[in-house]
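The lines below spell out each chain.
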Amino acid sequence: MGKIDLRLMRACRWLALGGALIGTSVARAEDAPDFHLDLDTGGHSAQVTDLTFTPDGEDIVSASSDKTIRIWDWRSGVTLRTIRGYLGNGSDGKIFAIAVSPDGKTIAAGGYFGASLGDKPPYGDIRLFDFATGKIKAVLKAADYATYDLAFSPDGKTLAAGGADGIVYLWRFDDKSATGWSLDKKLDADSWHIDKLAFAAGGTRLAATTTDNGIRLWDVVNGEEIPLPDVAEPLRDISVMALAVSPDGALFATGSKDGQVQLWRATDGTLARAMPTQDFFIGSLTFAKDARLIASCGYRCADTHRSIVWNTDTGEKVLDYTGHDGTVYASGANADGSLVATAGGTRHAIQVWDPANGERKALLQGVGEPVTAVGIDAANDVVAWGNANPCPERVACPEQQGALDNKLVLPTTERFFEDPQPLTEPSSFDRAALVDGQWSLRAATGGKDALENAVLEIANGGKLVRSIENDATNGFVHSAYTLIGKGLGLITGGNDGTLIEYRTATAKVSGEYTGHTADINAMVASEKAGLLVTGSADQTLRLWNLKTHELIISMFFAGSQWIVWMPQGYYYSSDEGDKLIGWQVNQGRDHEGRFIRAGQLKKYLWSPEMVRRAIILRSAKQAVEEMRPGVDNELQKLLQRKPPEFGIRLAEDQSKVRDGYVAVEISGAKEAGTDVAGFSILSNSRNVGDVTARSVDGNSTIVEIPVENGKNTIRITGTNEYGYLTERSVTALARKTEKTEAKGKLYVAVIGVDKYPFLTDACSGHACDLRYPVDDATEFLKVISQKSAPLFSSMETLVLVNRDALDENSDKARQTYAVASADGIMEPDSDTIDDQLADFLDRPGEHDTTIIFVAGHGINIDEDYYFIPTDGRKQDAERWKRSSLVDWSDIQKSVERAKGMRFMLLDTCHAANAFNPRLEKDAQDARIVVFSATAANNTAAELPELGHGVFTYSILEGLRGKARTSDGGVTLFGLADYISREVVRLTSSKQKPFYYVGGVENIVLAEP
């Protein structure tokens, strides 16, 4: 075996210990697509490999195996900027090292930047990013193999890089070079793997640790190696990975696999002190002020997960920091050493803390959690999962099934999706099969690095017959596994996302499931359901076709937010869930990538019915072919376009702005191909409509936006010609004024359809006529006129109901005519609804409020959603005549266009398949308040004793006062809570309404 091959093998073995987990089974970059689906949860989703404070201490920069660099405002816990380079399959794009220049203007990043291990070097390029913009300034090319560490000299004029070829590359600042840097020296560490580098002694010394040949020290000026004393010789036989330099540069500390921590004098490399040997792998070292040194556990930490703080003058332990719940991979201190940041644990969190007392100052992490347990109830098509560590006292326990805490009822041909729910009865769920008949599985320690669970032992009748030893090519360890096919097959997952199926008797590979990117923590296979369900440290739950190995859907859950998506990009989500995933679009290896969030392509890709069909068919590919034939490459075409990128901020000069307004500056819109005049602008969820705009310069525009007293959230959405959406928001505190604000108008549109003369047998063989929608609509109008209208300057109405149904009750007709003139009441046929509602909703102004109430039948047809007007009809027994229906998208556009505050109350779901997710999603994104009679898989009940549908009855009673929670009247939140509880009570939990009030203030809707 050649020298290069041996180096690569040893590098891979080392990565198993260090946690970088590079795999070899990756596609060539030239064959890979130019975009990659990726989570963006607000934090890192894989191991944080390196971190550093900025020189001023204001921000933290972190790098991760998730292939991103994040710049954090650590005090607020918010990511200011996510930097992405080229991202490929497998390990291509993993970042192992970062360094920030002393002037704070440049981020250097190194890692594994190549198509495939052992394929086509180089992999060790160094990317230089502009700190302020995230754009790549230069790429430094010299190293063939992965770069594991980088360090700037104190004066910022030298950049050192080292990695998998055992060479330190010293780059010198050179303003005459095209990149701004030129290669000055190469220092041979006589090693297969340099792991850490650091300048010391004012930049005159460079120290390095290796995993196979101890430590090195060089004189930077002449490039000569400084001999180390004999006491350093034993380290040549031990992996040394941790390295830190004291604040004054006089000492450097090293930490090894066997728990040794030693302090060395930087000028001559002599030993200054040996710290107490620890019983754990030293994962990182950091110096802090007052002669403190922090050593963190990097592997085999079990439930201790500790960072020890020593006093280096005395060698005594000052404190243990145990804030993380798992291995700590990286650490760093601010310039004066008063704060330390450590990264690790199950959620890849960064914690900022005081090394003097252990007080945590900040927690930086995303909203996701590893999925540690999965189960399936095949009889009822329900999957379940959990996130708790089943064995915190151990490194891993693949034989132990974690607790199931949540469930998702999968859609079928008879039902739609339901929201995820807490799990109360986990006993009915199947789990991983470790024993099936005579066959059994057991993990054992093994491999060249003696990793826990590196070997999977296959036994028959208690006798070992086969074993599978994992290595860099198939996941390093067996982190989860199950028997399938009555014990004749098995599936095992590794800690790099590898998921492989084997024949039990022969241990031969029979298939692979490709999609996860981190540890496979749990799995369960169901022959009956035809599914494999997996949970991973990449924070996703995934469904696979057990026979074809096709990935059907991926799922991510974080509190109330969730998203389910197909490999082709089609998705279904909660209101904010589609902000959590997106596509990185590569623009070449030497350029930064673009990131496009799923929500920006909602117009094309938000398709709950597509996702539903994929699950029903057990094939995402088949669902696309069935529902959108010929558009399987639609996503690729969309991602070749650029979304509108623009920025907003409060204008610096507010002196000439009218009372009740603030000036907001929009920059970059023209360059992004968008027109400010076409932007959607909301202030505290009020659509402000057209705004006064003036140009500042060629690429900036000032708009004046109406605001209310106090805090105002201004949200601006731009759309370009390709249908991309981009959102930006800013917060403004309005100046108070003594002038009394004028009350806006109340606009109320009610639609009620009782009569369906053309649908005499279309509803399960019966007439589709309903009993209460007209009564619901007119009574709602009456109550609004009595309880809500007095809160406004005046009220205008649009009434679209069946006149003959209204006239059947003379009292009801008189009270309706008292609010709306008789000649203004129109029939709810399709043309009238389309035309009149659109015209009516064009009338409200920015200070007005609009309420739309709709009662009648709703229907789903494929991916489209319709309201059935009184003249609705069918072409035949199976097909609707779409031209006779009212397209919800038309209603939606009209409501979105309406200025001011918008409310929609929908009692339209009288049939089980009329659940309308698109309407609700669009309304949520437009910050329209939505109240809907049912959630998924419910029907809307009509109780004769109430004289109304249950949902409408609850609204009416709430507005009349039963929802009042204060002396001020009935508030929005109070009404929402009352409706939810009352509908459930009146229907004995058979009907559950849906409402969305997110991002809206708790306004008063009805007088006391």
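About the thresholds
Residues numbered from 1 in each chain as written. Predicted model: local features only at pLDDT ≥ 70, side-chain atom pairs only at ≥ 80, totals over all residues. Heavy atoms only, no water. Helix = DSSP H or I, 4+ residues; strand = E, 2+ residues; numbered from the N terminus. Contact = heavy atoms within 4.5 Å. Lys, Arg positive; Asp, Glu negative; His and termini not counted. Charge placed at Lys NZ, Arg CZ, Asp CG, Glu CD. Pairing = 2+ DSSP bridges. Axes fitted to C-alpha atoms, helices over the stretch in contact; angles between N-to-C directions. Phe/Tyr/Trp six-rings, centres within 6.5 Å; stacked < 30°, edge-to-face > 60°. Buried < 20%, exposed > 50% of the residue type's maximum accessible area, 1.4 Å probe, protein only. Lys NZ or Arg CZ within 6 Å of the ring centre and 35° of its normal. Polar contact = N/O pair within 3.5 Å; in protein donor to acceptor, adjacent residues only side chain to side chain. Expected span 1.5 Å × (residues − 1). Core = buried A, V, L, I, M, F, W, Y, C linked by side-chain atoms within 4.5 Å. 1 Å grid on protein atoms, 1.4 Å probe; cavity = no way out; pocket = protein on both sides within 12 Å on 5 of 7 lines; lining within 4 Å. Points joined across faces, edges and corners; volume = space filled by probe spheres on them. Nonpolar A, V, L, I, M, F, W, Y, C, P; charged D, E, K, R; others polar. Salt bridge = Lys/Arg side-chain N within 4 Å of Asp/Glu carboxyl O. Parallel < 35°, antiparallel > 145°, perpendicular 65-115°, else oblique. Left-handed = near helix turned anticlockwise from the far one by under 90°.

Visitor: Quick one: what's the story with the overall build of the protein chain, residue by residue and with numbers?
Guide: When you go through the protein chain residue by residue, the secondary structure sums to 13 helices and 70 strands. If one aligns the C-alpha atoms of the protein chain with their principal axes, the spans along those axes are about 105 × 80 × 50 Å. The long-range fraction of contacts in the protein chain, counting pairs at least 24 apart against all pairs at least 6 apart in sequence, stands at 57%. Here the protein chain holds 106 positive side-chain charges and 138 negative ones, and the gap between their average locations is 1 Å.

Visitor: Account for the sheet that holds strand β15 (residues 205-210), with residues named and values stated.
Guide: Ordered by their spatial adjacency, three strands build an open sheet running β14-β15-β16, and the pairing between neighbours is antiparallel. Strands with a single pairing partner mark the edges of an open sheet, and in this sheet they are β14 (194-200) and β16 (215-219). Here the strands of the sheet are splayed against their neighbours by 20° on average, with no regard to which way each runs. For β14 and β15, the ladder comprises six bridges, and the chain directions are antiparallel. Each residue of the ladder has a partner; that of F199, found in β15, is L206.

Visitor: Could you give me a rundown of the packing of aromatic side chains, with the residues and numbers involved?
Guide: Counted under the stated rule, the structure contains 17 aromatic pairs. Centroid distance Y572 to W606: 5.7 Å. Interplanar angle 65°. Geometry classified as edge-to-face. With Y572 in strand β46 (residues 571-573) and W606 in the loop between α2 (602-605) and α3 (608-617), the pair connects residues that are 34 residues apart, well separated along the chain. In this pair, the class of Y572 matches that of W606, namely buried. These aromatic residues form a ring-pair network of at least three members: F416, F417, W562, Y572 and W606. One residue, R84, lies across the ring of F595, its end atom 3.9 Å from the ring centre.

Visitor: Can you explain the pairing of strand β39 (residues 499-503)? Please cite residues and give values.
Guide: Most of β39 is tucked away, with four of its five residues classed as buried. Summarising the sheet, strand β38 (residues 489-493) and β39 pair through five bridges and their orientation is antiparallel. Each residue of the ladder has a partner; that of L490, found in β39, is Y502. Connecting β38 to the antiparallel partner β39 that follows it, the hairpin turn spans five residues, and G497 within it adopts a positive phi of roughly 95°. Of the pairings in the sheet, the one linking β39 to strand β40 (residues 509-512) comprises three bridges and is antiparallel in character. Residue pairing for β40: Y502 is matched across the bridge by V509. Linking β39 to β40, which pair antiparallel, is a turn of five residues; within it A507 sits at a positive phi near 60°.

Visitor: So, the sheet that holds strand β21 (residues 281-288): which residues are in play, and what are the values?
Guide: As summarised here, the arrangement of the four strands in space is β21-β22-β23-β24, forming an open sheet in which the pairing is antiparallel. Both edges of this open sheet fall to β21 and β24 (316-321), since each of them pairs with a single strand only. Strand-to-strand twist of the sheet, defined as the mean angle between neighbouring strand axes without regard to direction, takes the value 25°.

Visitor: Help me get a handle on the side chain of N802, residues and values and all.
Guide: Topologically, N802 is positioned in the loop between β58 (795-801) and α7 (803-807). Residue classification places N802 among the buried residues on the basis of a relative accessible area of 1%. Within the local environment of N802, its side chain forms a polar contact with the side chain of E827, the two groups lying 3.3 Å apart. A distance of 3.1 Å separates a polar atom in the side chain of N802 from a polar atom in the side chain of T870. Sequence-distant contacts of N802, that is, excluding residues within four places in its chain, are made with G752, V753, D754, K755, V774, E827, P828 and T870.

Visitor: How would you sum up helix α13 (residues 972-986)? Please name residues and give values.
Guide: With 15 residues, α13 extends 21 Å from end C-alpha to end C-alpha; this agrees with the ideal 21 Å at 1.5 Å per step. Where α13 is concerned, the buried positions are L972, G974, L975, A976, Y978, I979, E982 and V983. Buried residues along α13 sit in contact with β64 (901-907), β65 (929-932), α12 (950-962), β68 (970-971), β69 (994-996) and β70 (1004-1006). A positive phi of about 55° marks S988, the residue just after α13.

Visitor: Break down helix α9 (residues 830-841) for me, with residues and values.
Guide: With 12 residues, α9 should reach 16 Å at 1.5 Å per residue; the first-to-last C-alpha distance of 17 Å fits that figure. Turning to α9, its buried residues are S830, T832, I833, L837, A838, F840 and L841. Two or three places before D831, at the opening of α9, D829 has a side-chain oxygen 3.3 Å from that residue's backbone nitrogen.

Visitor: Any chance you could break down the nonpolar core for me, citing the residues and the numbers?
Guide: Considering soluble globular proteins, one finds that nonpolar side chains tend to be buried as a cluster. Core analysis: the largest hydrophobic core is formed by 54 residues, its most contacted members being L541, I553, M566 and L601. Per-element accounting of this core gives the leading share, six residues, to strand β44 (residues 551-558). Those residues in contact with M566 that lie beyond four places of it in its chain are L37, I552, I553, M610, V611, A614, A620, A623 and V624.

Visitor: So, the pairing of strand β31 (residues 406-409): which residues are in play, and what are the values?
Guide: Sheet topology places strand β30 (residues 382-386) next to β31; four bridges connect them, and they run antiparallel. What sits directly across from V382, in β31, is V409. The pairing of β31 with strand β32 (residues 421-422) spans two bridges and is antiparallel. Across the sheet, residue K407 finds its bridge partner in β32, namely Q421.

Visitor: I'd love a proper account of empty space enclosed by the protein, names of residues and values included.
Guide: Applying the stated criterion to the full structure yields seven cavities of 30 Å³ or more. Estimates place the volume of the second largest cavity at around 90 Å³. Residue lining of the second largest cavity: F780, I784, S788, I851, F903, L905, F931, I955, L959, L975 and L1005, and that is the complete set. Where the lining of the second largest cavity is concerned, the elements lending two or more residues are α6 (773-788), β64 and α12. Ranked by the residues each element gives to the lining of the second largest cavity, the list is headed by α6, at three residues. Its residues assigned to classes, the lining of the second largest cavity comprises 10 nonpolar, one polar and no charged.

Visitor: Just give me the short version of the environment of S62, but keep the residues and values in it.
Guide: Mapped onto the elements, S62 comes out in strand β3 (residues 59-64). The spacing of S62 and T849 is 787 residues in sequence and 46 Å in space, taken between C-alpha atoms. What S62 contacts, discounting residues up to four positions off in sequence, is H44, V48, D50, L51, T68, I69, R70, W72, I98 and I350. Among the polar contacts made by the side chain of S62, one reaches the side chain of H44 at a distance of 2.7 Å. Only 2.9 Å separates the side chain of S62 from the side chain of W72, close enough to count as a polar contact.

Visitor: Talk me through the environment of C397; I want residue IDs and the actual numbers.
Guide: Among the structural elements, C397 can be located in the loop between β30 and β31. For C397 and D59, which are 338 residues apart along the polypeptide, the C-alpha to C-alpha distance reads 37 Å. Once residues within four sequence positions are removed from consideration, C397 is found in contact with P390 and C391.

Visitor: Please give an account of the pattern of salt bridges that cites residues and values.
Guide: Pairing is possible between side chains of opposite charge, provided their charged atoms come close. Applying the stated criterion to the full structure yields 43 salt bridges. Across the salt bridge formed by D184 and K185, the nearest N and O atoms sit 3.0 Å from each other. On the accessibility criterion, K185 (21% relative accessible area) is partly exposed. With its nearest N and O atoms 3.4 Å apart, the salt bridge here joins E359 to K361. Its relative accessible area of 41% is what places E359 among the partly exposed residues. Relative accessible area serves as the criterion here: at 41%, K361 is assigned to the partly exposed category.

Visitor: Help me get a handle on unusual backbone geometry, residues and values and all.
Guide: Glycine aside, residues mostly have negative phi angles, and peptide bonds mostly take the trans form. Of note in this structure, D290 is not a glycine but carries a positive phi near 60°. Inspection of the secondary structure assignment puts D290 in the loop between β21 and β22 (292-299). With a phi angle near 65°, N453 is a residue other than glycine that sits in the positive phi range. Mapped onto the secondary structure, N453 falls in strand β35 (residues 451-460).

Visitor: I'd like a description of the packing of α3 against helix α4 (residues 620-627), backed by residues and values.
Guide: How two helices sit against one another is set out by the angle between their axes and by the gap between those axes. It is at 8 Å that the axes of α3 and α4 come closest, and there the two elements cross at 125°. In terms of their interaxial angle, α3 and α4 are classed as oblique. Between α3 and α4 the crossing geometry is right-handed. In this structure, α3 uses E609, M610, R613, A614 and L617 to contact α4, whose residues at the interface are A620, Q622, A623, V624, E626 and M627. Looking at the contact of α3 with α4, its residues break down into seven nonpolar, one polar and three charged.

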